[in-house]
Amino acid sequence: MAAVCLTLVLALILASGQRVAGNKQSQLWLDCSCLHANERNATQWGSLSINASQALGAKNNCLMIFIGGMADELVAFQLQQLQLRPGCLDTVEVFPYLREPVIENSTLSAFTWCQHSTMSRNATPIYSAGKLLGLRLSFRQPPTKLADWPLNLTATYRFLKQELFKTNGRLVPHSFCDFYFFASTGTEGNLGQGYFHSPRFPAHYPAHIKCAYKFIGRPDSRVELLFEELQLPPVVSGGCQLDALTIFDAESAHMNAVIDVLCTPCPTRRILSSGPDLLLEFNASSNRTAKGFRGKYKFVPNEQQAMPMAPILEAASIALKQPPAKANSVQEEEAKKKDAGPGRPNQHCRQIYDSRVNKSGIFESNQLLGLFIGTSISKNIDAAKVVQCRYEFEGQKPEQIQIKFHDFNIPTEHENSSHCRDEDALHVLAEARGKYETQELLCGAFLPKPLMSSGQKLQLQFVGKYPPKMTNKVQYYGFRAEYRFLTNFGIMSGVQQGNECTFVYNSSERISGLFHSPNFPGYYMENVVCNYYFYGADERIVLRFTYFDVEGISTCDHQSASDYVEFSNFMSTDRKYSKYCGKLPDFEVHSDGRFFRVTFYSNDRFVANGFRALYTFESLGTKSSLAHSDMGDSTGSMQSYVSSGWQNLPKFIIITITALILLILKS
């Protein structure tokens, strides 16, 4: 009897396990018909042509095409002609960032075409980041006759050597795109030259990255940059709002050393430093990406006649020349006829943003500064008008307010200083003893990191002067920012559980991704507890922390008033792991099994930028397979196998299995 029951138990488990595995495979990728193209010609482009005869009868109405080169090559793909059925019945997706000839359901396409077109396209080529470029053609309700299906995709492709787009600098260890370029120490006339590129060039660079290119010359040399190509996302209005290149006439990012800020396409552009060092910062903060840039650097002797400097901020907007923008809030203009003295508060406007009216929007200093355009101004800078505006944000429970800056430049105290002046800064206010007091001053030429409230209220106050007294070379004054009323603590990944700071990551939905502390890369909030739960099917969880700065010291516990991060293989405390706090280099954490918990605690003392990590669900591998093969030999092996599929079984099967196991044990 026991043997019969055991056989039934195993049969149920195996049948259910096979069904779960099949379901999981269908969730990860769609089984399509495949074509591989690798026609090679050193001087001409290869050709690719797809028509209805090839698509008819495709598996699952899906056709994948992989264009693959050698390991040291990339693919240039150019669409020539495309004809699809109207109404997006036929869809073409392009995947230029593949590592293997596999397109998962979670893989995002870089380009998607579905509109009906019979015109020839001579578009700019699409480049892959590596040796592979993939296409996926999907067909809804495909016709049964070829004559009824005018499908036609004609394209050309070519393989290019990746070394043609190599950055000739020294990559900073553990960084993604930070490079050093050093001048030659030899006595020859050539002090060193080469090329630098945006990440993945000529393919589109990734979103939300920041790269630094540092050029270190000899004392008797200068740095010359020549931009051969520059393609960033188009600027909607005046100013380098999101993705931009900032060039500093120094090794480090001093605000008074800004030579230029570039964000729009330009003809061949040449820039020359005044000294031996130069820094190029590339900040990509938008969701849109583009091809990026390609430039040539050269260290030249200082005896050469200095070339004229490029115009400063040719694409930047001048805030004072713009008309006042319309406020998207409840705005109370209280402009006063009498000028304000330096020590006397004079609130010219008050803007109230209520989440019941708008959940998001833009606010900027132009709405205030526009009031003074055309007024008579004394030439004496000390007689400048003091202008102020209070920005009040009011949300509803359980919302928090997040502020992200798009443009920012408020002069510092003086050149070579990072200190702000009370009378010329953006004040971040905090409520204390029933009134709002300044918690932080924001100034300078760089975008502040995102701000987030701890509760349902946040207030900012801009205090400035018109005309402004500029202490840097950036010809933009004021700020432009976006506000949002959020309930997800600024955490965009995972599935939030209710309105709590609890997020679930399941391998059945996504096998890898990013997670981070609230409001990252800005400061996290006080008095917050966030849980991150990771559930694998037959995988363990691997966490790779690429940034970690959590306020704390010593043992990272309550006695040292530390914020900290806790790891556990259980819902309860895991003695295997100590608490993590402080500023730490990159590190990895691995789970023992299919579940892992990460908990972040902050108190009411101090805050920091928090953490960012990559999570990956990886197969348990040999341990799991051994458990499968030995399951008839020992109770321990059988329990391991049962537990691996237990959480995926239907409830009635779990009840049946439990009853049968109890019956076996009794007999």
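In case you missed it, the structure is sitting above this.
Residues numbered from 1 in each chain as written. Predicted model: local features only at pLDDT ≥ 70, side-chain atom pairs only at ≥ 80, totals over all residues. Heavy atoms only, no water.

A.B. asks: Explanation requested: the pairing of strand β35 (residues 564-568) in the structure shown.
C.D. replies: Two faces, one strand: in a regular strand the side chains alternate between the faces of the sheet. Burial of β35 is extensive: 5 of the 5 residues sit out of reach of the surface. Both faces of β35 are covered, namely the face carrying Tyr564, Glu566 and Ser568 and the face carrying Val565 and Phe567. Relative to strand β38 (residues 595-601), β35 is paired through 5 bridges, and the arrangement is antiparallel. Along β38, the bridge assignment pairs Ser568 with Arg597. (Buried < 20%, exposed > 50% of the residue type's maximum accessible area, 1.4 Å probe, protein only. Helix = DSSP H or I, 4+ residues; strand = E, 2+ residues; numbered from the N terminus. Pairing = 2+ DSSP bridges.)

A.B. asks: Whenever I open this one, the environment of Ala430 confuses me. Can you help?
C.D. replies: By the element assignment, Ala430 lies in strand β25 (residues 425-432). For the pair Ala430 and Leu458, spaced 28 residues apart in sequence, the C-alpha to C-alpha distance is 7.5 Å. Sequence-distant contacts of Ala430, defined by excluding residues within four places in its chain, comprise Lys435, Tyr436, Glu437 and Gln439. (Contact = heavy atoms within 4.5 Å.)

A.B. asks: So what exactly am I meant to see when it comes to the state of the cysteines here?
C.D. replies: Linking two cysteines covalently through their sulfur atoms gives a disulfide. Here the structure, examined in full by the defined rule, presents 7 disulfides. Disulfide pairing is shown between Cys177 and Cys211; the S-S distance is 1.9 Å. When the S-S torsion is -85°, as for the bridge of Cys177 with Cys211, the disulfide is left-handed. Here Cys177, found in the loop between β10 (170-171) and β11 (179-182), pairs with Cys211, found in strand β13 (residues 209-216); they are 34 residues apart in sequence, far enough to count as distant. Assigned by exposure class, Cys177 and Cys211 land together as buried. Here Cys349 engages in a disulfide with Cys389; their sulfurs sit 1.8 Å apart. Measuring handedness by torsion sign, the sulfur bridge of Cys349 and Cys389 sits at about -110° and is left-handed. Taken together, the positions of Cys349 in strand β21 (residues 349-354) and Cys389 in strand β23 (residues 385-394) put the pair 40 residues apart, joining distant regions of the chain. Its relative accessible area of 0% is what places Cys349 among the buried residues. Using a relative accessible area of 0% as the deciding quantity, one classes Cys389 as buried. Cys34 takes part in no disulfide bond, and the closest cysteine sulfur, belonging to Cys32, lies 6.8 Å away. (Disulfide = S-S within 2.5 Å.)

A.B. asks: Even after reading the chapter, I still don't get the nonpolar core, so can you show me in this structure?
C.D. replies: Proteins that are soluble and globular tend to have nonpolar side chains buried together. Counting residues in each nonpolar core, the largest one holds 36 residues, and the members touching the most others are Phe196, Tyr213, Phe215, Phe227, Leu280, Phe282 and Phe293. For this core, the elements supplying multiple residues, two or more each, are β11, β13, β14 (221-231), β15 (244-248), β16 (258-262), β18 (277-284) and β19 (292-301). With 32 residues, the next largest nonpolar core counts Phe489, Tyr532, Val589 and Phe617 among its residues. (Core = buried A, V, L, I, M, F, W, Y, C linked by side-chain atoms within 4.5 Å.)

A.B. asks: In this structure, what is going on with the packing of aromatic side chains? I would like to understand it.
C.D. replies: Aromatic ring pairs are described here by two measures, namely the spacing of the ring centres and the angle between the planes. If you walk through the whole model with that rule in mind, you get 62 aromatic pairs. Relative to Phe159, the ring of Tyr157 has its centre 5.8 Å away and its plane inclined at 70°; by these criteria the two rings are edge-to-face. Comparing Tyr157 with Phe159 shows no difference in burial state: the two are buried. Plain terms: the ring middles of Phe515 and Phe611 are 5.9 Å apart, the flat faces sit at 70° to each other, and that makes the pair edge-to-face. (Phe/Tyr/Trp six-rings, centres within 6.5 Å; stacked < 30°, edge-to-face > 60°.)

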